[in-house]
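Take a look at the letters that make up each chain.
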Amino acid sequence: MFSKPRKSRRLRAMVSAGVAITLALSACSAAPAATETTATGPTTVNFWSWNPDEGTSKPYIAAFEASHPNIKVQMRFIQYSDYVNTTQLALQSGSGPDVFGLQVGALTNQFAPLAEDLTPAISKQLGTDWKTKLTATDQLAVDGKQVALPWMITGGGLIWANQTLIDSLKLTVPTNSEELKSFCAAVKQAKKYCIVQGAKDAWQNIDVYQSIMNQVSPGTFYKALAGQADFSSAEFVKAFEIWKSLFSDGIFQEGALGATAYPDANDAFHKGEAALMINGTWQNADTTNTRLAQYVTSYGDSFDKNTVFMPYFFPQVVTGGATGTLFGGPDVGFAVSSSSKVKEAAETFVTWLTASEEGQKIMAKTDQQPALSSVPLDLSDVKTPAQVKALEAQGPALKGMIGARQIQNADVQTALGDALSAVASGQQSAADAAVSVQKAIAAAK
Amino acid sequence: MTQPSTVGQRTAIARREGSRRRSQLTAYLYLLPALMIIIGITYFSVFYNAWVSTLDWNGIDPNPDQVGGANYLKIARDPIFWTSVSHVAVFGVVTVIVQMVAGLGLALVLGGPIVGRGVYKALVFIPVVLAPAAISTAFRQFLRPDGQVNDVLQGIGLASMQQAWIADPKFALYALAAVNIFQWTGFSFMLYQAALSQIDQNHLEAAQLDGAGTWRTIRHIVIPQLRPTHLTLALTGVIGSLKTFDIVFLITGGGPGRSTEFLTTYIYKQSIMQFHVGYGAALSVVMLLLALILTLVQTRIYKLDRED
Amino acid sequence: MFSRPTWRSRVGYQLLATILILPFAVPLLWIVTISFQGAGPTANYNAVFTQTPFVRFLLNSLLISIGTVALVFVCTMLAGYALGKLKFRGRELIFTGILAGLMLPAIALIVPLFMMVRRFGLFNNYLAVIVPLAAVLLPMTILLTRNFMKGIPDELLDAARIDGATSFGALTRIVIPLSRPIIAVVIVWAFLNSWNEFLLPLLFLQDTSLQAVTQIPTYFTSTYGSDVPKIFAALVLMCLPIVIAYLAFQKFFERGLTAGALK
């Protein structure tokens, strides 16, 4: 009648053991992830960002630790889709990162209370006229507080071409919409994508829209965001219509709305499945041998390490439209957490990354515009002279960027992203889309 | 004996009272660990959300504004909220029905003379144990215009049915439903299989002797006897649809446009990506109320059914 | 199907079963096939072990899962017993109150949980993942267990009581041993859900040495690109333990569901 008591005792023992183990583990794992003081050994700075990734960050960290032997940097790469989530919560916990990446716009605005004002640190590094030595620092400042420092300056408004592929198809890169249509017809015949777009990601769509809008009416986009122009006016509607035609004319690949920019579209482009991709100067490293070698590791031996990726300005999609403008600002900025226990070391790392010759020279090697304006691009690793010329041509455009690429208000950004997606998928008319964005801008005041 | 008169009898009664109180106490003690966790986490979260829903807060600011019921009014006028609800409804109906039919069908077929039954059973249930994150990653690949699903359609001569599944607002929701069906049919199957094994064999043999064919036996004897399972699956399926998040977020992200937006993804986007934690909390409260209403309505309907 | 099967009906059933199982089997096959593409199976699977902290994360997930299973088991057995077998005031009310927890979506927990984790200083502590997971799992496990235990004949317990056993003694000596089928269901269900949990470890276990195995696929996606075959190899390895665990427990699991878990 009674079951074997031994079995139940064993069961109970197992359960108690399990609970005990868990509690013990929790006690052990509660050890803080951060640091010891400088008195007892090297300080560890926890660094989180979606950019750079683990591979890209290695040269920076190695160089920094070499010149700062009592600071160690522990990097954690988090993909952007999880980054906002994770970091937001962590920063308020006291055991989050010491240094973290910030994107211009909504992110900077929202995270401002969680970051330390970097004005004293940067003034120490560069002197009181630091604002003239670093580019576009106000895009990372909120109400006079320098929330983050720019790492590099990038511009959108380019279209990247797989020159090797295009040359092999005996085609030339189109410079206006007529040429684009016939170009795409030929490319698709060769069973390749014409322009591969990650239309699932609002940001890439917004970049394209800005490129179009800057041709339809230069600068008006930014005026409208600031409330000084009407987003529902005819020019914006026209831009939406041009945007829609990229889908209905088959310029973008089928299923673009389901593809992400990174990794889907990006992978397809770099693996030679597409001729063109709309992207910005942040892809400049594609012209360097180092990056090409990295692609061989990521994509395998099928990747041709002699592929020439060439940046062009966005083709003219409006008759008489002005081409050659770039829009942008700091791509990534770095901030120091106001609850960090190693603020001094963290600030040292940030100012080294963003404002030291040593740190910025490493950036220059990737051919993205260093934030420290005294450091020029290092074009020594670029593959071909033609690419060198193209990169140099970006310089004046980067200096005279027509507006900030990131939208300040998260709701407006969402509204524009939704509108672009709805128009592209035929769910909303261009006129209605423009109105909906204007509504969001008005509501955000 | 109507009145306790002796000391002994009074002590006995007192002891019974005492022991009843003690057993009440013991019962509560048994419940304590579970209740501590459930109240501490689940109930606390509900009340905390209710509190936050009266704020206009970005989750970071130490001094949020009080706005009372303003968030709820906003929800009522929010077209995205209503589209999300409609998506959940469509998704719920499709997945619950298909999962039940497929699960029952499989349970019936695999109850027959099958070689290698264990393999079949394992194959249909393995999707249930796979991580939603894994399934989402996999199906994002399969549903590409150049992906495996379209390849198969081409292979069986249905090339005209090829679509850009998750890029087309007409099909994206159904593509998601298909992924959900892939993952959860095994669960329905398992429950039906268990219930089928409980059906009295004599009933079935009697029906056969009376000349009823297989299909009629199923329709008129088997299916009615499975009612408890039907109801359980319907109830859990509807609530499950309301709670679905992973596959929507990871496969379509609510898009294209808002054509696959669910309440859960909308809450996530509002709270985390757009920093409207107060509004997100209000949406959570509304969703909880919806779940409660749906559950009450369903149990009411099913109880009425049973009383007939 | 209810009478002796003929040759034809055997083939018919086999064919039907195979066709019906295809939509489930084929995607599984695709997952494995893709993991073999690119650099090849040895390179891809090897990469999971060498380029990611796979083994460490595996052990972390194991700890989290064991902890969750243990916690859920203890709470469920006690509560299921009380609700299924003991008589006391407020029993139905408490039971309904527990069931209501089934409706709560995980998404609604994030902000409150974060506040609690911060208040109690539980960042980088496995408890921050285990306890919320248990909270989400308990309504279901208690429901199943209570129904099951209700089905255990009261006479057995009365007999034990007459022999002088306490209610706890009856629980451990009679009820739990008889509840093995439902215990299997509870354990598999709790293990499954905690093993597959992605969001909670991501948010609350921030020290890289503490993270869960669900994070492994992200190692093959860098800022700009991703290696799809390796990601799939990581997915396969990540799911393998739970698949194996399920297959091992399959018989008990089925028995548990059959044994009146459906009331």
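Since we're looking at a predicted model, the values are computed, not measured.

Undergrad: Could you give me a rundown of the overall build of chain B, with the residues and numbers involved?
TA: Summing up its helical and strand segments, chain B has 13 helices and two strands in all. Considering only C-alpha atoms, chain B reaches an extent of 95 × 75 × 35 Å along its principal axes. Across the 308 residues in chain B, those meeting the buried criterion constitute 45%. A separation threshold of at least 6 residues defines the contact pool for chain B, and within that pool the share at least 24 residues apart is 68%.

Undergrad: Describe the overall build of chain C, listing the residues and the values that go with them.
TA: Helix and strand content of chain C: 11 helices and zero strands. Reading chain C from its N terminus to its C terminus gives the helix and strand order α-α-α-α-α-α-α-α-α-α-α. By residue count, 58% of the 263 residues in chain C fall in the buried class.

Undergrad: Run through the domain arrangement of chain B, naming residues and quoting values.
TA: Residue and element names in this part refer to chain B. For chain B, the domain assignment lists domain 1 (7–52) and domain 2 (71–307). Summarising the inter-unit geometry, the C-alpha centres of domain 1 and domain 2 are found 38 Å apart. Contacts between the two partners involve four residues from domain 1 and, on the opposite side, six residues from domain 2. Looking at the side of domain 1 that touches domain 2 residue by residue, the class counts come to three nonpolar, one polar and no charged.

Undergrad: So what's going on with the interface of chain C and chain B? Which residues, and what values?
TA: Contacts between the two partners involve 67 residues from chain C and, on the opposite side, 76 residues from chain B. Those elements that place two or more of their residues in the side of chain C that touches chain B are helix H1 (7–35), helix H3 (54–85), helix H4 (91–100), helix H5 (110–119), helix H6 (127–150) and helix H11 (228–258) of chain C. In terms of residue count, H1(C) provides more of the side of chain C that touches chain B than any other element does, 15 residues in total. Residues of the side of chain C that touches chain B, tallied by class, amount to 56 nonpolar, eight polar and three charged.

Undergrad: So, the pairing of strand S10 (residues 274–279) of chain A: which residues are in play, and what are the values?
TA: All names here are of chain A. Of all six residues making up S10, six are buried, and the element is well covered by its neighbours. Across four bridges, the pairing between strand S8 (residues 158–162) and S10 is antiparallel. Looking at the pairing, Leu 158 lines up with Asn 279 of S10. Of the pairings in the sheet, the one linking strand S9 (residues 193–195) to S10 comprises two bridges and is parallel in character. Among the inter-strand pairings, Ile 195 is bridged to a residue of S10, identified as Leu 276.

Undergrad: Break down helix H1 (residues 7–52) of chain B for me, citing the residues and quoting the values.
TA: When the local axis directions of H1(B) are compared, the greatest deviation, roughly 50 degrees, occurs at Leu32(B), which is followed within four positions by the proline Pro33(B). Looking at H1(B), one finds that the buried residues are Ala27(B), Tyr30(B), Leu31(B), Ala34(B), Ile37(B), Ile38(B), Ile41(B), Thr42(B), Ser45(B), Val46(B), Asn49(B) and Val52(B).

Undergrad: Before we move on, can you summarise the packing of H3(C) against H6(C) with the specific residues and values?
TA: Residues and elements named next belong to chain C. The geometry of H3 relative to H6 is characterised by a closest axis approach of 7 Å and an angle of 40 degrees between their N-to-C directions. Taken as a pair, H3 and H6 cross one another with a handedness that is right-handed. Class assignment of the residues belonging to the contact of H3 with H6 gives a composition of 16 nonpolar, seven polar and three charged.

Undergrad: Which residues make up the pairing of strand S3 (residues 99–102) of chain A, and what values do they have?
TA: All names here are of chain A. Because side chains alternate across S3, one face comprises the buried residues Val 99 and Gly 101, and the other comprises Phe 100 and Leu 102, equally buried. Relative to S3, strand S1 (residues 43–49) runs parallel, the two being bridged by two bridges. Bridge pairing in S3 links Trp 48 to Phe 100. As paired elements, S3 and strand S13 (residues 333–336) share four bridges and run antiparallel to each other. Looking at the pairing, Leu 102 lines up with Gly 333 of S13.

Undergrad: Give me the sheet that holds strand S14 (residues 369–370) of chain A: which residues, what numbers.
TA: Residue and element names in this part refer to chain A. Within the open sheet, the three strands sit side by side as S12-S7-S14. Their pairing is antiparallel. Two strands close off the open sheet at either side, each with one partner strand: strand S12 (327–330) and S14. Strand direction decides the pairing type here: strand S7 (residues 152–156) and S12, joined by four bridges, are antiparallel. For Ile 153, the partnering residue across the bridge sits in S12 and is Pro 330.

Undergrad: So what's going on with the sheet that holds S8(A)? Residues and values would help.
TA: What links the strands of a sheet is backbone hydrogen bonding, and the strands pair in either a parallel or an antiparallel sense. Residues and elements named next belong to chain A. Read from one edge of the open sheet, four strands run S9-S10-S8-S11, paired in mixed fashion. The strands lining the two open edges of the sheet, one partner per strand, are S9 and strand S11 (309–313). Along the sheet, successive strands turn relative to each other by an average axial angle of 25 degrees, direction set aside.

Undergrad: So, the nonpolar core: which residues are in play, and what are the values?
TA: Soluble, globular proteins show a tendency: their nonpolar side chains are buried together. By size, the foremost hydrophobic cluster in this structure holds 308 residues, and its most contacted members are Trp243(A), Phe349(A), Leu176(B), Val72(C), Ala134(C), Leu138(C) and Leu235(C). A per-element tally of this core places H6(C) first, with 17 residues. When residues no more than four places from it in sequence are discounted, the contact partners of Leu235(C) are Ala134(B), Thr137(B), Ala138(B), Ile31(C) and Pro217(C).

Undergrad: Talk me through the environment of Arg10(B); I want residue IDs and the actual numbers.
TA: Along the chain, Arg10(B) turns up in helix H1. For Arg10(B), a count of 11 C-beta atoms within 10 Å gives the class exposed.

Undergrad: If you had to explain H6(C) to someone new, which residues and values would you point to?
TA: Think of an α-helix as turning once every 3.6 residues; residues three or four places apart then point the same way. Within H6(C), the axis deviates most sharply at Leu137(C), by approximately 45 degrees, and proline Pro139(C) lies no more than four positions further along. Burial runs high along H6(C): 22 of the 24 residues are buried.

Undergrad: Got a sec to walk through the confidence of the model for chain C? Specific residues and values, please.
TA: All names here are of chain C. Averaged over every residue, the pLDDT of chain C is 86; residues scoring 70 or more account for 95%. Per-element confidence in chain C ranges from a low mean pLDDT of 83 for H5 to a high of 93 for H3. For this predicted complex, the interface confidence score (ipTM) comes to 0.86, while the overall pTM stands at 0.86.

Undergrad: Which residues make up the packing of H4(C) against H6(C), and what values do they have?
TA: All names here are of chain C. Contact geometry of H4 with H6 gives a least axis separation of 8 Å together with a crossing angle of 135 degrees. In terms of orientation, H4 lies oblique with respect to H6. Judged by the sense of rotation from one axis to the other, the crossing of H4 with H6 is left-handed. On H6, the residues that touch Phe 95, Ile 98 and Leu 99 of H4 are Pro 139, Ile 142, Leu 143 and Arg 146.

Undergrad: Lay out the environment of Met287(B) in plain terms, naming residues and giving numbers.
TA: Inspection of the secondary structure assignment puts Met287(B) in helix H13 (residues 277–307). Given 27 C-beta atoms within a 10 Å radius, Met287(B) is considered buried. As for Met287(B) and Val52(B), which are separated by 235 residues in sequence, their C-alpha atoms are 15 Å apart. Setting aside anything within four residues of it in sequence, one finds Met287(B) in contact with Leu242(B), Leu263(B) and Pro105(C).

Undergrad: Lay out the confidence of the model for chain B in plain terms, naming residues and giving numbers.
TA: Per-residue confidence for chain B averages 87 on the pLDDT scale, and 96% of its residues sit at or above 70. For chain B, the element scoring lowest by mean pLDDT is helix H8 (residues 201–209) of chain B, at 74; helix H3 (residues 79–110) of chain B scores highest, at 94.

Undergrad: Any chance you could break down unusual backbone geometry for me, citing the residues and the numbers?
TA: That bond from Tyr262(A) to Pro263(A) is cis: its omega, 5 degrees, falls within 30 degrees of zero. As for its position among the elements, Pro263(A) is in helix H12 (residues 261–270). Cis rather than trans, the peptide bond between Gly255(B) and Pro256(B) has omega equal to 0 degrees. Summarising the element assignment, Pro256(B) is placed in the loop between helix H11 (246–251) and helix H12 (263–273).

Undergrad: Report on the environment of Ser380(A), specifying residues and quantitative values.
TA: Along the chain, Ser380(A) falls in the loop between S14 and helix H16 (385–399). A sequence separation of 91 residues divides Ser380(A) from Asn289(A), and the C-alpha atoms of the two residues are 9.7 Å apart.

What counts, and where the lines are drawn
Residues numbered from 1 in each chain as written. Chains lettered and ligands numbered in written order. Predicted model: local features only at pLDDT ≥ 70, side-chain atom pairs only at ≥ 80, totals over all residues. Helix = DSSP H or I, 4+ residues; strand = E, 2+ residues; numbered from the N terminus. Buried ≥ 20, exposed ≤ 12 C-beta atoms within 10 Å, placed from the backbone. Contact = placed C-beta atoms within 7 Å. Domains from an automatic or database assignment. Nonpolar A, V, L, I, M, F, W, Y, C, P; charged D, E, K, R; others polar. Pairing = 2+ DSSP bridges. Bend = angle between axes of the 7 residues up to and from the residue. Axes fitted to C-alpha atoms, helices over the stretch in contact; angles between N-to-C directions. Left-handed = near helix turned anticlockwise from the far one by under 90°. Core = buried A, V, L, I, M, F, W, Y, C linked by C-beta atoms within 7 Å. pLDDT = per-residue confidence, 0-100. Parallel < 35°, antiparallel > 145°, perpendicular 65-115°, else oblique.

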